[in-house]
Amino acid sequence: MSFRYLDRVASAESIQQFLDLADLAVGAGQSADNVFMLSHRLRASRPMQLCLSRLQRDPASWAWVEQRRPIAPYNLEALRAMPKGSLGHTYGTVMATLGYDINFFPEPAFFNNLESDADYINYRVYATHDIHHIVTGFSLDNYGELGVISASVAQFSHPGLAFTDLIALLTSWFRTDTPIEELDNPREQARTTAYVFRMISRGLELGLEAQPLFPVNWPERLEQNLEELRVELGIQPVRQGLFSWHSDQDLAAALAA
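None of the values given here were measured: they were computed from a predicted structure.

Structural notes on helix α7 (residues 87-98)
1) Next: The end-to-end C-alpha distance of α7 is 16 Å, a good match for the 16 Å that 12 residues give at a rise of 1.5 Å each.
2) Next: Within α7, nine of the 12 residues are buried, which leaves it mostly tucked inside the rest of the structure.
3) Next: Considered for burial, the residues of α7 that qualify are Leu-87, Gly-88, His-89, Thr-90, Tyr-91, Gly-92, Thr-93, Val-94 and Met-95.
4) Next: For α7, the elements touching its buried residues are α6 (76-80), α9 (129-136), α14 (218-221), α15 (226-233) and α16 (249-256).

A closer look at empty space enclosed by the protein
1) Next: Within this structure, the stated rule accounts for one cavity of 30 Å³ or more.
2) Next: A volume near 40 Å³ is recorded for the largest cavity.
3) Next: As for the largest cavity, its lining consists of Val-125, Thr-128, His-129, His-132, Ser-152, Phe-156, Leu-161 and Phe-214.
4) Next: Listing elements by their share of the lining of the largest cavity, those giving two or more residues are α9 and α10 (142-156).
5) Next: In terms of residue class, the lining of the largest cavity is built from four nonpolar, four polar and no charged.

Considering the environment of Arg-57
1) Next: Positionally, Arg-57 belongs in the loop between α4 (46-56) and α5 (59-67).
2) Next: Considered as a pair, Arg-57 and Phe-156 are 99 residues apart in the sequence and their alpha carbons are 9.8 Å apart.

Observations concerning the pattern of salt bridges
1) Next: In this structure the tally under the stated criterion is five salt bridges.
2) Next: Between Arg-221 and Glu-232 there is a salt bridge, and its shortest N-O distance comes to 2.9 Å. Highlighted residues: Arg-221 in helix α14 and Glu-232 in helix α15, separated in sequence by 11 residues.
3) Next: Each of Glu-227, Arg-230 and Arg-239 takes part in salt bridges that share partners, so that together they form one network.

A few points about the packing of helix α3 (residues 32-41) against helix α8 (residues 117-127)
1) Next: Relative to each other, α3 and α8 sit at 155°, their axes nearing to 10 Å. Compared by their axis directions, α3 and α8 come out roughly antiparallel. Handedness of the crossing formed by α3 with α8: right-handed. Residues Val-35, Phe-36, Ser-39 and His-40 of α3 pack against Asp-119, Asn-122 and Tyr-126 of α8.
2) Next: Each residue belonging to the contact of α3 with α8 can be placed in one class, and the counts come to three nonpolar, three polar and one charged.

Some thoughts on the side chain of Ser-139
1) Next: Assignment of secondary structure puts Ser-139 in the loop between α9 and α10.
2) Next: Residue class for Ser-139 comes out buried when judged on its relative accessible area of 5%.

Some points on the environment of Pro-212
1) Next: Along the chain, Pro-212 turns up in the loop between α13 (193-209) and α14.
2) Next: A relative accessible area of 38% means that Pro-212 is categorised as partly exposed.
3) Next: Along the chain, Pro-212 and Leu-55 lie 157 residues apart, while their C-alpha atoms are 9.7 Å from each other.
4) Next: For Pro-212, the contacting residues outside a window of four places in its chain are Asp-58 and Gln-155.

Focus: α13
1) Next: In this model, α13 (17 residues) spans 24 Å end to end at C-alpha, consistent with the 24 Å of a helix rising 1.5 Å per residue.
2) Next: Among the residues of α13, Tyr-195, Val-196, Met-199, Ile-200, Gly-203, Leu-206 and Gly-207 are the ones counted as buried. Projected down its long axis, α13 shows its buried positions confined to an angular sector of 130°, all on one face. Facing away from the buried side of α13 by over 90 degrees, the exposed positions are Phe-197, Leu-208 and Glu-209.
3) Next: Against α9, α10, α11 (159-175) and α12 (186-189) lie the buried residues of α13.

Definitions and cut-offs
Residues numbered from 1 in each chain as written. Predicted model: local features only at pLDDT ≥ 70, side-chain atom pairs only at ≥ 80, totals over all residues. Heavy atoms only, no water. Helix = DSSP H or I, 4+ residues; strand = E, 2+ residues; numbered from the N terminus. Expected span 1.5 Å × (residues − 1). Buried < 20%, exposed > 50% of the residue type's maximum accessible area, 1.4 Å probe, protein only. Contact = heavy atoms within 4.5 Å. 1 Å grid on protein atoms, 1.4 Å probe; cavity = no way out; pocket = protein on both sides within 12 Å on 5 of 7 lines; lining within 4 Å. Points joined across faces, edges and corners; volume = space filled by probe spheres on them. Nonpolar A, V, L, I, M, F, W, Y, C, P; charged D, E, K, R; others polar. Salt bridge = Lys/Arg side-chain N within 4 Å of Asp/Glu carboxyl O. Axes fitted to C-alpha atoms, helices over the stretch in contact; angles between N-to-C directions. Parallel < 35°, antiparallel > 145°, perpendicular 65-115°, else oblique. Left-handed = near helix turned anticlockwise from the far one by under 90°. Arc of directions from axis to C-beta.

On their own, these measurements won't tell you what the molecule is for.
What follows is the structure in structure tokens.
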């Protein structure tokens, strides 16, 4: 067996690039700015070329990229005033109850004022990210994050999200020392490689089964009933477990009020 090819793959430069990206991905749990910068660093990468190629195959998706249509800032109170059961009301209520900034994503200026196709893709991915949480059912914390980002990886191979999946698997492998079936606490289970792999797999399956989410005109769908929208998009949402926002008692009470 020969390992001579490794000097081309594992050069000092490529290793340093990997470590720089890995450092950003690992820090994403402390600050979303890390994952924004990670995706920005990958804007001219080969993985981004794959992402571009996949989106170009879908005319509806590519139309958004070509037209560079911005995502207007979300109005939290306007969303909460929408009919109960609608996407908008659910989205606004969940974000308000959790205390999350509904406009957490960077403005176009961060993404080079949407100069390139890759810049626009990165911008749109993060501007619609939390809506994806709502429609898929994956929780908006670390327990459901890998599920929702994996849906986008399945649909169009977004490089920043794909790299986050890979690093999550790698870091969980280093810290896992107990089989998941021997852990009774769900939060301890969530730190294992088995859990991480399960979330990634669940998200990939959901993404492959669903209609393309990238081209959905979300502002036009905000007043639509969430369950009807899910059926239309072919989404089988996650509804149970630590990784689903449907299981959060505080969110259930707020939505029922």
